[in-house]
Amino acid sequence: MEVAIFSFRSLHYWFFLVNLVICIISFEFESVSCSTPTFGNETDKLALLAFKNHLVDVPNGILSSWNDSLHFCEWEGVTCGRRHQRVTALRLEGQSLGGFLSHIGIGNLTFLRELVLSNNNLQGSIPSDIGLLRRIQHLDLSTNYLQGEIPIELTNCSNLNTVDLTGNNLTGQIPFHVGHMSKLQVLGLGGNVLTGGIPFTFGNLSSLQDLSVAFNHLEGGIPHDFGRWKSLESIRLTANNLSGTVPPSLYNLSSVTEFAVTQNILSGNFLSNMRFSFPQLRILAIALNQFTGIIPETLSNISGLEILDPGDNYLTGQVPNSLGELYLGGNKIFGSIPEEIGNLINLTTLYVAENDLTGVISTSIGKLQSLRELGLSFNRLSGLLPSSLGNLTLLYQLDKSDNNLEGNIPTSLRKCDNLEILDLMTIS
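Residues numbered from 1 in each chain as written. Predicted model: local features only at pLDDT ≥ 70, side-chain atom pairs only at ≥ 80, totals over all residues. Heavy atoms only, no water.

## What about the overall build of the protein?
Argument step 1. The helix and strand inventory of the protein stands at three helices and 28 strands.
Argument step 2. In the protein, buried positions account for 47% of the 428 residues.
Argument step 3. Sequence separation of 24 or more characterises 48% of the internal contacts of the protein that already satisfy a separation of 6 or more.
Argument step 4. For the protein, the computed accessible surface area is about 20800 Å², with 53% contributed by carbon and sulfur atoms. (Helix = DSSP H or I, 4+ residues; strand = E, 2+ residues; numbered from the N terminus. Buried < 20%, exposed > 50% of the residue type's maximum accessible area, 1.4 Å probe, protein only. Contact = heavy atoms within 4.5 Å. Areas by Shrake-Rupley, 256 points an atom, 1.4 Å probe, with all protein chains shown as cover.)

Have a look at this one:
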């Protein structure tokens, strides 16, 4: 009986000791977590200091707050989450920061959701450890001097909805797997030296709203998979070496407001096939290609169209009479300038040079009091210069050279105080 009593008392004693140890450990753990930085916090601080140490030519005062007198969450450009005090955003755009981005070790900021270093002087390649930022949603490295290829590891960042690498010196091909970043809404790759084709996998980007790959050296055709987009608002493919026709599937992009494919080698009867497509269109830029056919009158049904630039193609037809900013130079447009041109009271530029326009210059042009540029050269316009041109007080460029105009220069032009360029040569 005594042995049993001793065992019971021993068990009770050990149970008391275990509970006491647990309480002490819990108390110490809570004290540490509240009073000292966790390992994750320290990692973020070290990553930020490494970032700072690799920068060069930092303007005075830009990173003066990056010192031990302040918690790193209070440093300039740094935002932390309230719960874990981890860095969630680093925004230092337009600060003239120099240095090599590839040496910074940005991948250690694993809670980062937003990285904006645009409009700086950063060099080197985009570091592959950027693929470790699995939480990142917004990446803007535009307008720097970054080189090398777009790292394939970037496509591991599946939560990205904005990627802007515009205005760098990036080379190589666009990674095929970019098309698997299903949450992308904005993709800006313009103004680089990218080569190869546009991956057909881009058609998988069902949330895409804005795509720019302009001013590169891309070649091949426009993928017909682009027609699968349902939310696209802007597509800019300008200044590449794209060839072939515009895929008919693109006519399904009813939400598009800007369609720009200027300066490629595209061909076909694109405009005639448009008909009533793109009802939301504001900007249509297809100049410097090899498009043929007639400019359709149905363009006038797109009530929000502000800028039309089909210049330097092989287009014919009448000038639409209800458009915004007009760039129609270098085509084979015939007929007279419609009287309704005077209804476009917000028009700032009217350029229809190098066509086959005939008839007199409509006096209604004088109603375009927002007009700053007027180019009618190299046509077959005749008659007198209308005195209503004097109403265009904001006009700074007037070119009506190489026509069949006659008579005197109207004295009303004296009212055009902003006029800097005036070319009326060949007036008989």
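## Re the sheet that holds strand 6 (residues 121–123)
Argument step 1. Strands sit in the order 1-4-6 across an open sheet of three strands; the sheet is mixed. The open sheet terminates on both sides in strands that have one partner only, identified here as strand 1 (55–56) and strand 6.
Argument step 2. In terms of strand pairing, strand 1 meets strand 4 (residues 98–100) through two bridges, oriented antiparallel. Paired with Leu55 across the strands is Gly99, a residue of strand 4. (Pairing = 2+ DSSP bridges.)

## Some details on the nonpolar core
Argument step 1. One finds Leu90, Phe202, Trp229, Phe259, Phe270 and Leu284 to be the most contacted residues of the largest nonpolar core, which totals 106 residues.
Argument step 2. When contributions to this core are tallied by element, the ones reaching two or more residues are helix 2 (39–53), strand 2 (78–80), strand 3 (87–91) and helix 3 (270–274).
Argument step 3. In terms of residue count, the dominant contributor to this core is helix 2 (three residues).
Argument step 4. Leaving out residues up to four positions away in the same chain, Phe259 has contacts with Ile235, Val246, Leu250, Phe270, Phe278, Leu281, Ile283, Leu284 and Ala285. (Core = buried A, V, L, I, M, F, W, Y, C linked by side-chain atoms within 4.5 Å.)

## Considerations on the pairing of strand 17 (residues 290–294)
Argument step 1. Only one face of strand 17 is covered, namely the face carrying Phe291 and Gly293; the face carrying Gln290, Thr292 and Ile294 is uncovered.
Argument step 2. Here three bridges tie strand 17 to strand 19 (residues 314–317), and the two strands are oriented parallel to one another. Within strand 19, the position partnered with Gly293 by the bridge is Leu315.

## Quick look at the sheet that holds strand 11 (residues 219–220)
Within a beta sheet, neighbouring strands are joined by backbone hydrogen bonds and run either parallel or antiparallel to one another.
Argument step 1. Taken together, nine strands build an open sheet; the order of strands is 11-13-15-17-19-21-23-25-27 and the sheet is parallel. The sheet is open, and its two edges are formed by strand 11 and strand 27 (404–406), each paired on a single side.
Argument step 2. Both strand 13 (residues 241–245) and strand 15 (residues 265–268) contribute to a ladder of three bridges, which runs parallel. The residue bridging Ser243 from the neighbouring strand is Ile265, located in strand 15.

## Focus on the pairing of strand 13
It is a general feature of regular strands that their side chains alternate between the two faces of the sheet.
Argument step 1. Note that strand 11 and strand 13 share two bridges and pair parallel. Bridge assignment links Gly220 to a residue of strand 13, and that residue is Leu242.

## Notes on the side chain of Asn403
Argument step 1. Residue position: Asn403 is located in the loop between strand 26 (397–399) and strand 27.
Argument step 2. A polar contact is formed between the side chain of Asn403 and the backbone oxygen of Leu376, at a distance of 2.9 Å.
Argument step 3. Of note is the side chain of Asn403, whose polar atom sits 3.1 Å from the backbone oxygen of Lys400. (Polar contact = N/O pair within 3.5 Å; in protein donor to acceptor, adjacent residues only side chain to side chain.)

## Notes on the state of the cysteines
Argument step 1. Overall, the coordinates contain one disulfide when judged by the stated rule.
Argument step 2. At a sulfur-sulfur separation of 2.1 Å, the disulfide partner of Cys73 is Cys80. The S-S bond linking Cys73 to Cys80 shows a torsion near -90 degrees; that makes this disulfide left-handed. For the residue pair Cys73 and Cys80, the accessibility class agrees, reading buried in each case. (Disulfide = S-S within 2.5 Å.)

## Quick notes on the pattern of salt bridges
Argument step 1. Enumeration over the complete set of coordinates arrives at eight salt bridges.
Argument step 2. As a salt-bridge pair, Glu93 and Arg91 come within 3.0 Å of each other at their nearest N and O atoms.
Argument step 3. When its relative accessible area of 30% is taken as the criterion, Glu93 is described as partly exposed.
Argument step 4. Arg91 sits in the partly exposed class, given a relative accessible area of 35%.
Argument step 5. Its salt-bridge partner being Arg380, residue Asp356 comes within 2.7 Å of it at the nearest N-O pair. In this pair, Asp356 is assigned in strand 23 (residues 356–360) and Arg380 in strand 25 (residues 380–384), connecting sequence segments 24 residues apart.
Argument step 6. One continuous salt-bridge network, built from bridges that share partners, spans Arg91, Glu93 and Glu114. (Salt bridge = Lys/Arg side-chain N within 4 Å of Asp/Glu carboxyl O.)

## Let's talk about unusual backbone geometry
Argument step 1. Phi at Asn119 is positive, roughly 55 degrees, even though this residue is not glycine.
Argument step 2. With respect to the helices and strands, Asn119 occurs in the loop between strand 5 (114–116) and strand 6.
Argument step 3. Of note, Phe215 is a non-glycine position whose phi angle comes to about 60 degrees, a positive value.
Argument step 4. Here Phe215 lies in the loop between strand 10 (210–212) and strand 11.

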